Amino acid sequence: MRLADLTNFLESWAPLSYQESYDNAGLITGNPNDEITGVLVSLDCIENVIQEAIEKKCNVIIAHHPIVFKGLKKITGKTYVERTIIQAIKNDIAIYAIHTNLDNIKGGVNFKIAEKLGLQNPRILAEKTDQLMKLTVFVPTPQTGPLLDALYAAGAGDIGNYSNCSFRTEGKGTFKANQQADPTIGKRGTYEEVNENRIEVIFPAHLKNKVLDGMREGHIYEEIAYYLSVLENPLQTVGSGIFGELEQELETMKFLQKVKENLKVSVIKYTDPIKSKIKKVAVCGGAGGFLLPNAIGQKADIFITADYKYHEYFDADGKIIIADIGHYESEQFTKELIRDEILKKFTTFATYLSEAKTNPINYLF
C-alpha cells in the first residue's frame, strides 16, 4: 500500500479545498510513492510523537494540527518545529495534516464532539459558500438517462439529504459539422436540428474534473456544448461548528458536569449561567469564538468551544452561555475519528492511536 493511496482516500473524505485559507493541511513530509509500514494517528505532531512512530515502526503520522503552519526559511533545529521536521526526514517518516478541512465536513471533528455529548440532529452552524458549481449541458433527448447516470456516479446531483437531483428543459439544438468533424448525428457540411435536453446539475467544486470526465464518458457528441457556473449558495454539508439538541433538557450545572465527564475535561470556564436549563447546544472544537454570532442566531442555550480571551466572554451579553473547555480537550477525540475512518477502508497496515502527551497545558487544582 502506497502513501498516495492513503492520502487520496483522506482527501476524498475531507477535501483539501475545504480547509481555511490560513491552513496548511495535506502532505507535509514524505514521498507519495513510499510503501506504508504503519500509521500513527495524533492530534499534534511534535518530537515525542516522531519518537513514538519510530518505536512502533510506523513511517506515516496522520496529525490533526499541521506542524508546519507558517513558512520555514531555515531548518537548523533551532525550534521544536524544525527539530520535528528534521527527525521525520532522517527517519523516512511522512507527516500528513488533516486540519480545518476535517473541521468543516459533515461527520468531522465537531460531529464527533456532538456524538460524545449525545446531541440529536446535529447541523452545521456556519455553512461555507462558494463551494458549489453548476453544470449546464445539452444532450440528445434519447441519451439523457445515460448522461445523468454518469453525472450522478461522478458525484453531481446531491443536495442536502437528496441525491440524483437535476433539472431539464426540452429544446432544439442546431449545428453544422465541417469537413474535419466526425459527427455522431448528421453529415459533414449539413445543417442539423436535433431534439435535445438542457440538463442542469449541482456539485461540490472540488469534484469539477471528475464530473467533467463523467460528462464526457456519458455523452455521445464529439464536441459537447456545456458551461460551468460558480454558485454562492451555501453548501449544506460543509462549514464551521455544529448545533443540535439534547434528547431531554438538563439543568445547566448538570449539563456542564456531563460535558466535563463525557469530554474528559479537567476545567470548564463559563459565563453566567443565564439559562436555568440546556436544550439547544452549539459546538466548535478549537478556537471557535468567531462563531458566537451564529450560535446566538440559532438560539443556542450554550456555546462550547475553546481559546476565549478575557474580554471576549463579555460578548455573551446575557444571550447565551459560553463554555471554554480547552483547545486540546475539545479536539482530543479527533484521533479516534481519523483512526476509525482509516480502518473502514484499509486493513493492510497497522494503525495506532498515539499515546504521547502533546497537550502543552497543565492544570493545578
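Residues numbered from 1 in each chain as written. Predicted model: local features only at pLDDT ≥ 70, side-chain atom pairs only at ≥ 80, totals over all residues. Heavy atoms only, no water.

### As for the overall build of the protein chain
Broken down by element type, the protein chain carries 11 helices and 15 strands. In terms of principal-axis extent, the alpha carbons of the protein chain reach across some 85 × 55 × 40 Å. Burial analysis of the protein chain (365 residues in total) assigns 48% to the buried set. Carbon together with sulfur atoms contributes 48% to the accessible area of the protein chain, which is approximately 18700 Å² in total. Side-chain charges in the protein chain split into 41 positive and 47 negative, and the spacing between the mean points of these groups amounts to 2 Å. (Helix = DSSP H or I, 4+ residues; strand = E, 2+ residues; numbered from the N terminus. Buried < 20%, exposed > 50% of the residue type's maximum accessible area, 1.4 Å probe, protein only. Areas by Shrake-Rupley, 256 points an atom, 1.4 Å probe, with all protein chains shown as cover. Lys, Arg positive; Asp, Glu negative; His and termini not counted. Charge placed at Lys NZ, Arg CZ, Asp CG, Glu CD.)

### Quick word on the pattern of salt bridges
Tallied over the entire structure, the rule returns 17 salt bridges. A salt bridge links Asp213 to Arg216, with the nearest nitrogen and oxygen atoms 3.4 Å apart. Of this pair, Asp213 and Arg216 both sit in helix α7 (residues 208-218), 3 residues apart, which is roughly one turn of that helix. Linking Lys277 and Glu249 is a salt bridge whose minimum nitrogen-to-oxygen distance equals 3.9 Å. Remark: Glu249 occurs in strand β10 (residues 235-251) and Lys277 occurs in strand β12 (residues 277-287); sequence separation between them is 28 residues. Using a relative accessible area of 45% as the deciding quantity, one classes Glu249 as partly exposed. (Salt bridge = Lys/Arg side-chain N within 4 Å of Asp/Glu carboxyl O.)

### Section: the environment of Lys134
Along the polypeptide, Lys134 turns up in strand β6 (residues 132-140). Residue class for Lys134 comes out partly exposed when judged on its relative accessible area of 21%. Sequence separation between Lys134 and Tyr227 is 93 residues; the distance between their C-alpha atoms is 8.3 Å. Ignoring sequence-local partners within four residues, the contact set of Lys134 consists of Glu200, Val201, Ile202, Phe203, Tyr227, Leu228, Ser229 and Leu231. Looking at Lys134, its side chain comes within polar contact range of the side chain of Glu200, at 2.9 Å. (Contact = heavy atoms within 4.5 Å. Polar contact = N/O pair within 3.5 Å; in protein donor to acceptor, adjacent residues only side chain to side chain.)

### Comments concerning the sheet that holds strand β15 (residues 350-353)
Read across the open sheet, the 5 strands follow the order β1-β4-β3-β2-β15; overall the sheet is mixed. The two strands at the open ends of the sheet, each matched to only one other strand, are β1 (26-29) and β15. Taking the axes of each pair of neighbouring strands and ignoring which way they run, one obtains an average angle of 25° across the sheet. Across 4 bridges, the pairing between strand β2 (residues 38-42) and β15 is parallel. Within β15, the position partnered with Leu40 by the bridge is Tyr352. (Pairing = 2+ DSSP bridges. Axes fitted to C-alpha atoms, helices over the stretch in contact; angles between N-to-C directions.)

### Some thoughts on the pairing of β2
When you tally the buried positions in β2, you get 5 out of 5 residues, the bulk of the element. Residues Gly38, Leu40 and Ser42 line one face of β2 and the alternating positions Val39 and Val41 line the opposite face, and both faces are buried. Judged from the 4 bridges that link them, β2 and strand β3 (residues 60-63) form a sheet pairing that is parallel. Paired with Val39 across the two strands is Val60, which belongs to β3. Handedness of the β-α-β unit built from β2, helix α2 (residues 47-55) and β3 comes out right-handed. (Right-handed = clockwise from strand over helix to strand, strands pointing away.)

### Here we look at the side chain of Asp103
Tracing the backbone through its elements, the reader meets Asp103 in helix α4 (residues 100-103). The buried charged residue Asp103 lacks any salt bridge, with Lys128 as its nearest oppositely charged partner at 10 Å. Side-chain polar atoms of Asp103 contact the side chain of His64, separated by 3.5 Å. Beyond its immediate sequence surroundings of up to four residues, Asp103 is in contact with His64, Val109, Asn110, Gly239 and Glu331.

### With respect to the environment of His219
For His219, the location among the structural elements is in the loop between α7 and β9 (226-231). Separated by 79 residues in sequence, His219 and Pro140 have C-alpha atoms that sit 9.0 Å apart. Among all residues touching His219, those that are not within four sequence positions of it are Val137, Phe138, Val139, Pro140, Leu147 and Ile224. A distance of 2.8 Å separates a polar atom in the side chain of His219 from the backbone oxygen of Phe138.

### Looking at the state of the cysteines
Taken as a whole and assessed by the stated rule, the structure comprises 0 disulfides. With no disulfide of its own, Cys45 lies closest to Cys58 among cysteine sulfurs, the gap being 12 Å. Using a relative accessible area of 2% as the deciding quantity, one classes Cys45 as buried. (Disulfide = S-S within 2.5 Å.)

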